[in-house]
Amino acid sequence: MSLFKARDWWSTILGEKEEFDQGCLCVADVDNSGSGQDKIIVGSYMGYLRIFNPHPVKPGDGVQPEDLLLEVQLREPILQVEVGKFVSGTEGLHLAVLHCRKLCVYAVSGTLGNVEHGNQYQIKLMYEHNLQRTACNMTYGPFGGVKGRDLICIQSMDGMLMLFEQESYAFGRFLPGFLLPGPLTYSSRTDSFITVSSCRQVESYKYQVLAFATDADERQETEQQKLSSGKRLAVDWVLNIGEQALDICVVSFNQAVSSIFVLGERNFFCLKDNGQIRFMKKLDYSPSCFIPYCSVKEGTINTLVGNHSKMLNVYQDVTLKWATQLPHIPVSVKVANLHRDLKGVIVTLSDNGHLQCSYLGTDPSLFQAPRVDSREINYEEFDAEMKELQKVIKEATKTQDIFPKSEKHRDLIVTAEVSPNLDAESQAIDSELKAEAVPSVTVKITIQSRVTAQKPNLAVCVQAPLAVTCDQFIFDDLEPDSSETVVLSVFLKGNCSPSELEGNCVVSYNTPTELNPEGILKVAQCNFRLPLRLICFPAQPSKAANHKLTIDTNKPPISFLTIFSDFVDPSEDDQANVLAFQFLTGSKTTLLASKTSQRYRIQSDQLEDLWLITKELTLRLEEHFKKQNCKDFACTFSGSIPLQEYFELIDRHFELRLNAEKFQELLSERAVQFRAIERRLLTRFKDKTPAPLQHLDTLLEGTFREVIALADAAEENQANMFQAFTKLKSATHLVIMLISLWQKLSADQVAILEATFLPLAEDTQELGWEETVDAAISYLLRTCLSKSSKEQALTLSSQLCMPKDTSRLKKNITLFCDRLAKGGRLSLSTDSATQQAAVMPGGCTTIPESDLEERTVIPGSTATFPNHGQIAKQKSKPGLSDDAAEEAEKP
């Protein structure tokens, strides 16, 4: 950033909401006054033409009424304005105005005024040309070496150069290989037109070559007719600059050689007349416009370059001589002589109409602090104030004030109330379930504000496949002691059971303060628990099941009529100890309570279906005994962790991830093949003498069908992978609960376990569940569960990538459970070795690798870990009687 700003000599704002661009600014003595003073001509896309002659009383003054010589609306957008000798029979200057479909040439004249209102100016239309093609830009000059007059060349949007010899149209030529129009200029020294094509190369065309080339009107004729009507248009020279150009300017000063300046997107180039580079300058900013002008040093050229950082840089060849700051981003810059004693004024124009005439000065615009009145210091008052402030700071930094305040003292409180009954009329929409009726439950959310809450925004989140009828709410500003209430419904949308029956409400709002009127962003949130009836309903118990779990308690069993009153009929006594849950997705889970022992059995054909019923059972038991003021209730698990069944779910999920990669590769291959066939077909269709298609159309149709089929298969695989990941999360929750009950882990250790096995809310190809969990378990095995310092010294890979298979993950999970069984404890403390020695004086014993592999790979086996004695594998019995359940639990 420059220390110095451009010194404002005169400035004004043109119109309202008008747009301007590079060609909308021109400076010249357009009224032929003969005084040598330039006028500023500005045209806008709104069709307004303005001519200014600034005469400020002192530098920095705004526009005066007499500064505006002329303002007229031409009804059509003005693309470019130029001043030259455009009228035959006179060498006076005239104004050329380029519209989209018209070229107009005007004469600007002034009449001396006899009153104080000043001189009067007017424009007179000399001639106009209606264009057959949409114009882009134009250039002018003495084409062909004519004397005393200027010709005009207009470039159209489709690449045609239209040349006009003043009042008459001369000819038109198409540029070869044209795609998009670029900047255009004329070099009188070589009598050639210079432009930058879409190939990002500077091209030069001789006027004589254009004149004798094939006429543009005959472009649609055959090749033989083209050759007979004239020569093909050939380029004089070409220079590849590797970037698109913003502007081109040809300069020729007395003390400097003729040069061609090209402003690119990141460089500006100075070329010789034959296209060779004289020099180039790499820019470290994004330029917007430029203008070369005469230098005081012989053999050099100065260049003004404006950029998008509101800066104007002055270069002498490639050397930066000065940098100044502008109040706007210039889209066009000119150097003008606006006063007899003031030559070289910099005229800049922005895209929104900020027109400024400035000069370079050395007065830095620095902020100077106002002088403060000195006064005597009263040290006693300062000491008293310091003590008060220290007291306030001490009160504010107490420990109890660091933590969040209680709910009753918070600025905004959000509460969620779940209806105890399902909706009488279901609010489920677009559910994928095949069930006859998909139930929904109403959730009432209330926001209570104690202060002014600006822009409150409520978001309601539930885990898929659950869904809500509306998840976003935006409220008006809440006044103090006001509240807002919204009602929504939650239902099961996907065709699988969810892994959690919990939801979350988050409210974001701003609270204004004296120092910050816009407010400080704050967040309030609450959780709510959904009823089990939302995803299942009571059914007939099943006698046989593939998966069974037994939960031990230290209290007598409770009748299901008490704890599952919403699922059982009080009149049916046979449901007191046996209860079945039919999920909406079709599977069934049975719950049994022992009559003689303190055990509960959960059984189902699917491992993942055990999770929600087991969790609901433990929660309802805890709530029941809590109401009876029983504080020593506890659940334990002494069976075997179902790792083999858990590994099958991991393998299924990983197999679908591999399929997703294969589908992605196949889709990429077929897409490349499809584009290659399209290119060949387009080449055949563009050929003037088309060859047979050779069944390319059939191949294109077949490839298209393959792409559609692969896309459908990939989409189906994605849906299956989501269901597999949901089942895997449910089974993972179950394994975490069983391990915590088995090893009687504390809340902190359970939190570490959940962070290890459930690190991701969503599963993606870039970061999947398998590699994330494997890295987390490996870290725990290397730190708090390590058996020697040698394992702690091992380094883990810092990059996660999709593994080839799941053998390493399953081996680490088995090893993880084995070390927990031998006394290991979970901790994130860095001093793991000391902690490990306190828990396990002898450390973890070495596990033979052969034994580990043997346990892992036996099909159908279940990994067992002894706890308080060896426990034999359970035997499944078909009966559902209490005696049968008791017999299965005997050691």
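Here the structure is a predicted model, which is why all the values come from computation and not from measurement. (Residues numbered from 1 in each chain as written. Predicted model: local features only at pLDDT ≥ 70, side-chain atom pairs only at ≥ 80, totals over all residues. Heavy atoms only, no water.)

Examining the pairing of strand E20 (residues 267-271)
Part 1: For E20, the buried fraction is high: 5 of the 5 residues fall into the buried class.
Part 2: Judged by which residues are buried, E20 turns out to be covered on both faces: Asn267, Phe269 and Leu271 on one side and Phe268 and Cys270 on the other are all buried.
Part 3: Here strand E19 (residues 259-264) pairs with E20 via 4 bridges, running antiparallel. By the bridge assignment, Val262 is partnered in E20 with Phe269.
Part 4: Connecting the antiparallel pair E19 and E20 is a turn made up of 2 residues.
Part 5: Between the end of E20 and the start of strand E21 (residues 277-282), which pair antiparallel, lie 5 residues, with Gly275 showing a positive phi angle near 95°. (Buried < 20%, exposed > 50% of the residue type's maximum accessible area, 1.4 Å probe, protein only. Helix = DSSP H or I, 4+ residues; strand = E, 2+ residues; numbered from the N terminus. Pairing = 2+ DSSP bridges.)

Looking at the pattern of salt bridges
Part 1: Summed over the entire model, instances satisfying the criterion amount to 25 salt bridges.
Part 2: A salt bridge links Glu18 to Arg50, with the shortest nitrogen-to-oxygen separation between them at 2.7 Å. Placement of the pair is Glu18 in the loop between strand E1 (7-13) and strand E2 (25-28) and Arg50 in strand E4 (residues 48-52), with a sequence separation of 32 residues.
Part 3: For Glu18, a relative accessible area of 6% corresponds to the buried category.
Part 4: What makes Arg50 buried here is its relative accessible area of 5%. (Salt bridge = Lys/Arg side-chain N within 4 Å of Asp/Glu carboxyl O.)

A look at the nonpolar core
Part 1: Grouped together as the largest cluster of nonpolar side chains are 98 residues, with contacts concentrated most on Leu458, Ile535, Tyr646 and Phe816.
Part 2: The biggest single contributor to this core is helix H8 (residues 696-743), with 11 residues.
Part 3: Residues in contact with Phe816, not counting those within four places in the same chain, are Leu753, Phe757, Ile777, Leu780, Leu781, Leu785 and Leu826.
Part 4: By size, the runner-up hydrophobic cluster in this structure holds 18 residues, among which are Ala28, Leu69, Val81 and Val83. (Core = buried A, V, L, I, M, F, W, Y, C linked by side-chain atoms within 4.5 Å. Contact = heavy atoms within 4.5 Å.)

Let's talk about the sheet that holds strand E8 (residues 102-111)
Part 1: With antiparallel pairing, the 4 strands of this open sheet are ordered in space as E6-E7-E8-E9. This sheet does not close on itself; its edge strands, each paired only once, are strand E6 (80-84) and strand E9 (120-130). Adjacent strand axes in the sheet meet at a mean angle of 25°, parallel and antiparallel pairs treated alike.
Part 2: Across 10 bridges, E8 lies against E9 in antiparallel orientation. Across the sheet, residue Val108 finds its bridge partner in E9, namely Ile123. (Axes fitted to C-alpha atoms, helices over the stretch in contact; angles between N-to-C directions.)

As for the sheet that holds strand E23 (residues 301-307)
Part 1: With respect to topology, 4 strands assemble into an open sheet ordered E22-E23-E24-E25, the strand pairing being antiparallel. The open sheet terminates on both sides in strands that have one partner only, identified here as strand E22 (287-294) and strand E25 (319-325). The sheet shows a mean angle of 20° between the axes of neighbouring strands, taken without regard to direction.
Part 2: Across 5 bridges, the pairing between E23 and strand E24 (residues 311-316) is antiparallel. Bridge pairing links Val305 to Asn313 in E24.

What to know about a nonpolar patch on the surface
Part 1: Nonpolar side chains collect at one region of the surface, where Ile377, Tyr379 and Phe382 lie side by side and expose about 360 Å² of accessible area between them.
Part 2: Secondary-structure assignment places Phe382 in helix H3 (residues 379-396). (Patch = residues over 30% accessible without salt bridge, like charges linked within 9 Å, V, L, I, M, F, W, Y side chains within 5 Å. Areas by Shrake-Rupley, 256 points an atom, 1.4 Å probe, with all protein chains shown as cover.)

Quick look at helix H12 (residues 807-821)
Part 1: Compared with the 21 Å implied by 1.5 Å per residue over 15 residues, the 21 Å span of H12 between its first and last C-alpha is a close match.
Part 2: Counting buried residues in H12 gives 11 out of 15 residues, a clear majority hidden from the surface.
Part 3: Of all the residues in H12, the buried ones are Leu809, Lys810, Asn812, Ile813, Thr814, Leu815, Phe816, Cys817, Asp818, Arg819 and Leu820.
Part 4: Among the residues trailing H12, Gly823 stands out with phi positive, at a value near 105°. (Expected span 1.5 Å × (residues − 1).)

Some words on the packing of helix H7 (residues 643-686) against helix H10 (residues 769-782)
Part 1: Put simply, H7 and H10 touch, their axes get as near as 10 Å, and they point 130° apart. Viewed along their axes, H7 and H10 adopt a mutual orientation that is oblique. Counted together, Tyr646, Ile650, His653, Phe654 and Arg657 of H7 and Trp769, Glu770 and Glu771 of H10 form the full contact between these two elements.
Part 2: Tallied by class, residues from the contact of H7 with H10 come to 4 nonpolar, 1 polar and 3 charged. (Parallel < 35°, antiparallel > 145°, perpendicular 65-115°, else oblique. Nonpolar A, V, L, I, M, F, W, Y, C, P; charged D, E, K, R; others polar.)

Considering the pairing of strand E3 (residues 39-43)
Remark: a regular strand shows side chains that alternate across the two faces of the sheet.
Part 1: With 5 of its 5 residues buried, E3 lies for the most part within the structure.
Part 2: Here E3 shows a buried face lined by Lys39, Ile41 and Gly43 and a second buried face lined by Ile40 and Val42.
Part 3: Alignment of E2 against E3, held across 4 bridges, turns out to be antiparallel. Each bridged residue has a counterpart across the sheet, and for Val27 the counterpart in E3 is Ile40.
Part 4: By the bridge criterion, 4 bridges tie E3 to E4 in an arrangement that is antiparallel. Looking at the pairing, Ile41 lines up with Ile51 of E4.

Overview of the packing of aromatic side chains
Part 1: Scanning all chains against the criterion turns up 19 aromatic pairs.
Part 2: Here a set of aromatic residues connected by ring pairs shows up, and it is made of Phe143, Phe171, Tyr186, Phe193 and Tyr207.
Part 3: Over the aromatic face of Phe567 sits the side chain of Arg533, whose NZ or CZ is 5.4 Å from the ring centroid. (Phe/Tyr/Trp six-rings, centres within 6.5 Å; stacked < 30°, edge-to-face > 60°. Lys NZ or Arg CZ within 6 Å of the ring centre and 35° of its normal.)

Overview of a negative patch on the surface
Part 1: On the surface, Glu380, Glu381, Asp383 and Glu385 cluster together into a patch of negative charge.
Part 2: Considering the arrangement of structural elements, one finds Asp383 in helix H3.
Part 3: According to the relative accessible area criterion, Asp383 is partly exposed, its value standing at 48%. (Lys, Arg positive; Asp, Glu negative; His and termini not counted. Charge placed at Lys NZ, Arg CZ, Asp CG, Glu CD.)

A short note on the confidence of the model for the protein
Part 1: Here the protein averages 81 in pLDDT, while 84% of its residues score no lower than 70.
Part 2: Here helix H14 (residues 849-857) stands out as the least confident element of the protein, with mean pLDDT 36; strand E7 (residues 94-98) is the most confident, with 95.
Part 3: Scored below 50 in pLDDT, residues 399-408 shows 8 contacts in the model against residues more than four places distant or in partner chains.
Part 4: Ignoring residues within four places in sequence, the model shows residues 830-891, a span with pLDDT below 50, making 85 contacts including any to other chains. (pLDDT = per-residue confidence, 0-100.)

Observations regarding unusual backbone geometry
Part 1: A cis geometry characterises the amide bond from Ala464 onward to Pro465, with omega recorded as 15°.
Part 2: Structurally, Pro465 is set in the loop between strand E31 (454-462) and strand E32 (466-468).
Part 3: A positive phi angle, near 60°, is found at Arg200, a position not held by glycine.
Part 4: Note on placement: Arg200 falls in the loop between strand E15 (192-196) and strand E16 (201-206).
Part 5: Here Arg200 falls in the partly exposed class, since its relative accessible area comes to 42%.
Part 6: In this structure, Asp317 is a non-glycine residue whose phi angle is positive, near 60°.
Part 7: Classification of Asp317 as buried rests on a relative accessible area of 15%.

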